[in-house]
Amino acid sequence: MLDVLTNVLQTTVLYATPLILTAIGGLYSERSGVVNIGLEGLMTIGAFTAAVVTLATHSPWVGLLAAVAAGVLMALPHAIASVTFRADQVVSGVAINFLALGVSVYLVKAMYDGAAQTPSVPETLKRLPIPGLDQIPVIGPALFNAFPTTYLAVIVVFLSYYILYKTPFGMRLRAVGEHPRAAETMGVNVFRMRYVAVLISGALASAGGAGLSIAIGSEFNETTVAGHGFISLAALIFGKWHPFGAFGAATFFGFAVSLALIGQIFGLTAYVPSEVLNMLPYILTILALAGFVGRAEAPAAIGKPYETGGR
Amino acid sequence: MQVQQRQMRQSPLLTSIVSVILGMLVGAVMMLVAGYNPIQAYIALFTSAFLMPYDIGETIRTITPLILTGLSVGLAFRTGLFNIGVEGQFIIGQLMSVIVALKLDLPPVVHVIVAVIAGAVGGALWAFLPGFLKATRGVHEVITTIMLNFIALYLANTLVRNWLSAGSDSTEKIPESASLRWDVLSSLFGNARIHLGLFLALAAAFVMYYLLWRTTWGFELRSVGFNPQASEYAGMSVKKNLVMSMMISGCFAGLGGATELLGTAEYLSIHGSHTGIGFDGIAVALLGANSPVGILLAASLFGILTYGGSVMQFEASVPYEVIRIVFAAIIFFVAANIVRWAGTKFRKKAVTKDA
């Protein structure tokens, strides 16, 4: 029984990690007033870059860094389209998803003689036990013998809370998402803040995607990301656009995903089909939006392109 | 002055043409980067889409669902809604039509008609919820429809596995009485999978035109999308019309799923991820400037690129995904309205020169 519990906990942590990183990434963008439907695409480019660069350099850390850089690069067209060109942000996000999957799979096929997936990555990130703590029964092996990306994700959550709520930069970023006109009157450069926010979201979502290809899995193909970006978006909303909320929601959704995956081991899927468990994050998010599970309220200026000197 | 004002009004046709050309240029650059010859590849792409009667039939088969998902997105846009849930409504359309095809025993012509209607109604009902939540609780339809896409995907998967088949990954082939294929039509095109759904798609394009621009109700639907406050003041029910717009949009998407299933695939299998046809509808609607004729043209272009691209991969070994990159670039250029932007830059320069 305890083994099962450890197993569930371990898988939850495993699958929650990319969701946490990506949801926090989305948090920056959406808090600054730019909708980010493109999280799925940003994760995709991260997963792709991490796998390919790790294969080339034999260092997963270089792979992770390269993924972060690629995420910033992939988020740039979204920033340009939705901030400078004042394009519809949802449309631009959809285009990012098209573009990232297209570029990734195209380059994989071009690089590996038409193969639909990268070769297996031998040098993935390895689990990093925290001496002492990993000896705690049940939770030790799950929480304190995790992949480095998990520790990174937890640090990012607390750091983001500090940045967004305790620093002038964070105040400005949130102000730009709530009332850009007022923020500009106070001397905040709305365009620059939104650019920075969207690029940060690219970096974090891409790091989340990297976790899928060089920690949880060890290759990249067309279905490596398959919806994780959208679950992260759901976690961001279910977590009410707050760092700790998004953290909790992403962890809970990671739990749902892990139950769907390992449910048959202890006979759960005999009662509940795994597909129903997969649906759970989405159903809960709709209920939250409709106000049945606590009201989820979006930043006030979200989705609205900003124009200097308008009314 | 008059001339200037006319220039200010941007032409959607010009925007679309420039965006397509730029999009294909982006594709060409991607091909060069990976060491392919873009001119050869594009020639292979466009010729292979029309090479044999079979290819023409398959190209038309590819275009058919794109028309319907494009109309679905386009009608929603015209009525002030962003239906990003076309993908989910499409899946529900497939699911409902395969249920009717496999579980009901009906005479030939009746069977296929009931199956098509079931798909369209399924799509409309699946779109009802986001419309209803937006009307009553102010929930933005973009988020709810994204969530419903995944719920639809998993719902279809679980029903295929646990109810429509005996634990397998796909259903049986549908009976001939429920098929949209017509021997006469197929034999004209070298037994391609072209099917009668094409005519339903063309009819849907006409319905969208007639409903929105030739009926009072259609005027209300557009009016509510354009300016809800003014419409309310003029005595129109904003909430009712909003829900109806969403349902008509979902109906087109469901019809797309039904015809694709009953005409092209003829069975439903478990999908690991979305079909993509619903998301392509967003690209089609944008490029077609949300007008029925524009959508027909845009769907044709995307259909040719999609089918031609798959043959190109086979014959010129250029990966098919370059077509997805072209699609993405086209969406960016249309959304950023590159023509208007270039226009304002040019005008600003001209003004400073005059001064």
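Reading the values: the criteria
Residues numbered from 1 in each chain as written. Chains lettered and ligands numbered in written order. Predicted model: local features only at pLDDT ≥ 70, side-chain atom pairs only at ≥ 80, totals over all residues. Heavy atoms only, no water. Helix = DSSP H or I, 4+ residues; strand = E, 2+ residues; numbered from the N terminus. Rg over C-alpha atoms; globule rule 2.2 N^0.38 Å. Buried < 20%, exposed > 50% of the residue type's maximum accessible area, 1.4 Å probe, protein only. Contact = heavy atoms within 4.5 Å. Areas by Shrake-Rupley, 256 points an atom, 1.4 Å probe, with all protein chains shown as cover. Lys, Arg positive; Asp, Glu negative; His and termini not counted. Charge placed at Lys NZ, Arg CZ, Asp CG, Glu CD. Salt bridge = Lys/Arg side-chain N within 4 Å of Asp/Glu carboxyl O. Phe/Tyr/Trp six-rings, centres within 6.5 Å; stacked < 30°, edge-to-face > 60°. Expected span 1.5 Å × (residues − 1). Buried area = accessible area lost by both parts, 1.4 Å probe. Polar contact = N/O pair within 3.5 Å; in protein donor to acceptor, adjacent residues only side chain to side chain. Axes fitted to C-alpha atoms, helices over the stretch in contact; angles between N-to-C directions. Parallel < 35°, antiparallel > 145°, perpendicular 65-115°, else oblique. Left-handed = near helix turned anticlockwise from the far one by under 90°. Nonpolar A, V, L, I, M, F, W, Y, C, P; charged D, E, K, R; others polar. UniProt positions renumbered as here; feature names shortened; annotations may be inferred. Core = buried A, V, L, I, M, F, W, Y, C linked by side-chain atoms within 4.5 Å. Patch = residues over 30% accessible without salt bridge, like charges linked within 9 Å, V, L, I, M, F, W, Y side chains within 5 Å.

A.B. asks: Would you take a moment to explain the overall build of chain B for this structure?
C.D. replies: Check the secondary structure of chain B and you find 16 helices and zero strands. In summary, chain B has a C-alpha radius of gyration of 22 Å against a globular reference of 20 Å for 355 residues, a match within 12%. Projected onto its principal axes, the C-alpha positions of chain B cover 80 × 60 × 35 Å. For chain B, buried positions account for 56% of its 355 residues. Sequence separation of at least 24 residues holds for 76% of the intrachain contacts in chain B that already meet a minimum separation of 6. Looking at chain B as shown, the accessible area adds up to about 15,700 Å², and 67% of this sits on carbon and sulfur atoms. Side chains of chain B carry 22 positive and 17 negative charges; the gap between the two charge centres is 17 Å.

A.B. asks: Looking at this structure, how should I read the overall build of chain A?
C.D. replies: Each helix and strand in chain A was counted, giving twelve helices and two strands. In terms of overall dimensions, chain A is globule-like: its C-alpha atoms have a radius of gyration of 19 Å, near the 19 Å expected for 311 residues. Counting only C-alpha atoms, chain A reaches 60 × 50 × 40 Å along its principal axes. Residues counted as buried form 58% of the 311 residues belonging to chain A. For chain A, the share of sequence-separated contacts (at least 6 apart) that also reach a separation of at least 24 residues comes to 77%. Accessible surface computed for chain A: about 11,900 Å², of which carbon and sulfur atoms make up 68%. Positive and negative side-chain charges of chain A, numbering 15 and 14 respectively, have mean locations separated by a distance of 15 Å.

A.B. asks: Just to check I follow, could you spell out the pattern of salt bridges for this structure?
C.D. replies: Between side chains of opposite charge, a pair can form as their charged atoms come close. If you walk through the whole model with that rule in mind, you get eleven salt bridges over all chains. Across the pair K134(B) and E141(B) runs a salt bridge, and its minimum N-O distance is 2.7 Å. Assessed through its relative accessible area of 24%, K134(B) is described here as partly exposed. With a shortest N-O distance of 3.6 Å, R181(B) and E266(B) are connected by a salt bridge. Taken as a pair, R181(B) in the loop between helix 7 (141–164) and helix 8 (183–188) and E266(B) in the loop between helix 12 (238–265) and helix 13 (277–287) lie far apart in primary sequence, 85 residues in all. Connected through shared salt-bridge partners, E275(A), R161(B) and D169(B) make up one network.

A.B. asks: Would you mind showing me how to read the packing of aromatic side chains here?
C.D. replies: The final tally for this structure, using the stated rule, is 17 aromatic pairs over all chains. The interplanar angle of 80° and the centroid separation of 4.2 Å between the aromatic rings of F302(B) and F327(B) together place this pair among those described as edge-to-face. Residue F302(B) is found in helix 14 (residues 292–315), and its partner F327(B) is found in helix 15 (residues 322–335); the two are separated by 25 residues along the sequence. Residue F327(B) is classed as buried on the basis of its relative accessible area, which comes to 0%. Grouping aromatic residues by their ring pairs yields a cluster made of F158(A), Y161(A), Y165(A) and F244(A).

A.B. asks: Help me out: how do you make sense of helix 2 (residues 39–57) of chain A in this one?
C.D. replies: Owing to its 3.6 residues per turn, the α-helix brings residues three or four apart onto one side. Residues and elements named next belong to chain A. For helix 2, spanning 19 residues, the distance from its first C-alpha to its last is 26 Å, which sits close to the expected 27 Å at 1.5 Å a residue. With 17 of its 19 residues buried, helix 2 lies for the most part within the structure. Phi turns positive, to about 60°, at H58, one or two residues after helix 2.

A.B. asks: What am I meant to see in the interface of chain B and chain A here?
C.D. replies: Interface size is often expressed as the accessible area that is lost when the parts come together. With 44 residues of chain B in contact, the opposing surface of chain A contributes 41 residues. Of the roughly 3,800 Å² buried between chain B and chain A on both sides combined, carbon and sulfur atoms contribute 81%. Here chain B and chain A share two salt bridges between them. Residues R161(B) and E275(A) are paired through a salt bridge, measuring 3.1 Å at the closest nitrogen-oxygen approach. Here chain B and chain A share seven residue pairs in polar contact (both at pLDDT 80 or more) between them. When residues of the side of chain B that touches chain A are traced back to their parent elements, those giving at least two are helix 2 (12–33), helix 6 (108–137), helix 7, helix 13, helix 15 and helix 16 (338–354) of chain B.

A.B. asks: Sorry, what's going on with the side chain of T158(B) here?
C.D. replies: Relative to the helices and strands, T158(B) resides in helix 7. Not counting residues up to four positions away in its chain, the partners in contact with T158(B) are P273(A), E275(A) and W163(B).

A.B. asks: How should I be thinking about the packing of helix 4 (residues 89–111) of chain A against helix 15 of chain B in this particular structure?
C.D. replies: Think of two packed helices as two axes; the pair is described by the angle between the axes and how far apart they sit. With their axes 8 Å apart at the nearest point, helix 4 of chain A and helix 15 of chain B run at an angle of 155° to one another. Between helix 4 of chain A and helix 15 of chain B, the crossing angle belongs to the class labelled roughly antiparallel. Pair helix 4 of chain A / helix 15 of chain B crosses with left-handed handedness. In this structure, helix 4 of chain A contributes V91(A), S92(A), A95(A), I96(A), F98(A), L99(A), G102(A), V103(A) and Y106(A) to the contact, and helix 15 of chain B contributes V322(B), R324(B), I325(B), F327(B), A328(B), I331(B), F332(B) and A335(B). Partitioning the contact of helix 4 of chain A with helix 15 of chain B into residue classes produces 14 nonpolar, two polar and one charged.

A.B. asks: Sorry if this is basic, but what is going on with the packing of helix 3 (residues 60–84) of chain A against helix 9 (residues 190–216) of chain A here?
C.D. replies: Residue and element names in this part refer to chain A. Running from N to C, helix 3 and helix 9 point in directions that differ by 140°, and their axes come no closer than 6 Å. Judged by the inter-axis angle, helix 3 sits oblique to helix 9. As for the relative orientation of helix 3 and helix 9, their crossing is right-handed in sense. Class assignment of the residues belonging to the contact of helix 3 with helix 9 gives a composition of 19 nonpolar, five polar and one charged.

A.B. asks: Is there a simple way to think about the environment of A156(B) in this case?
C.D. replies: Residues and elements named next belong to chain B. Take A156: it is sitting in helix 7. Between the C-alpha atoms of A156 and S269, which are 113 residues apart in sequence, the distance is 8.7 Å. In this structure, A156 is in contact with I91 and L95, ignoring residues within four places of it in sequence.

A.B. asks: Would you explain the UniProt feature "transmembrane region" (unreviewed entry) in chain B in this entry?
C.D. replies: Under the local residue numbering, the UniProt record ascribes the feature "transmembrane region" (unreviewed entry) to residues 12–33, 39–56, 63–86, 106–129, 141–160, 194–213, 282–305 and 325–343 of chain B. Overall, residues 325–343 of chain B shows 89% helix and 0% strand. The separation of its end C-alpha atoms is 26 Å.

A.B. asks: Explain the nonpolar core to me, please; I cannot follow it from the model alone.
C.D. replies: One broad trend across soluble globular proteins is that nonpolar side chains are buried collectively. Counting residues in hydrophobic clusters, the biggest one holds 183 residues, and the most contacted among them are I24(A), I37(A), I84(B) and I146(B). Per-element tally for this core: the top contributor is helix 7 of chain B, with 13 residues. Among all residues touching I24(A), those that are not within four sequence positions of it are V156(A), V157(A), S160(A), L204(A), P243(A) and A246(A).

A.B. asks: Looking at this structure, how should I read a nonpolar patch on the surface?
C.D. replies: All names here are of chain B. On the surface, V109, I113, I117, V121 and L125 cluster together to form a nonpolar patch covering roughly 470 Å² of accessible area. Among the secondary structure elements, V121 is positioned in helix 6. What makes V121 partly exposed here is its relative accessible area of 42%.

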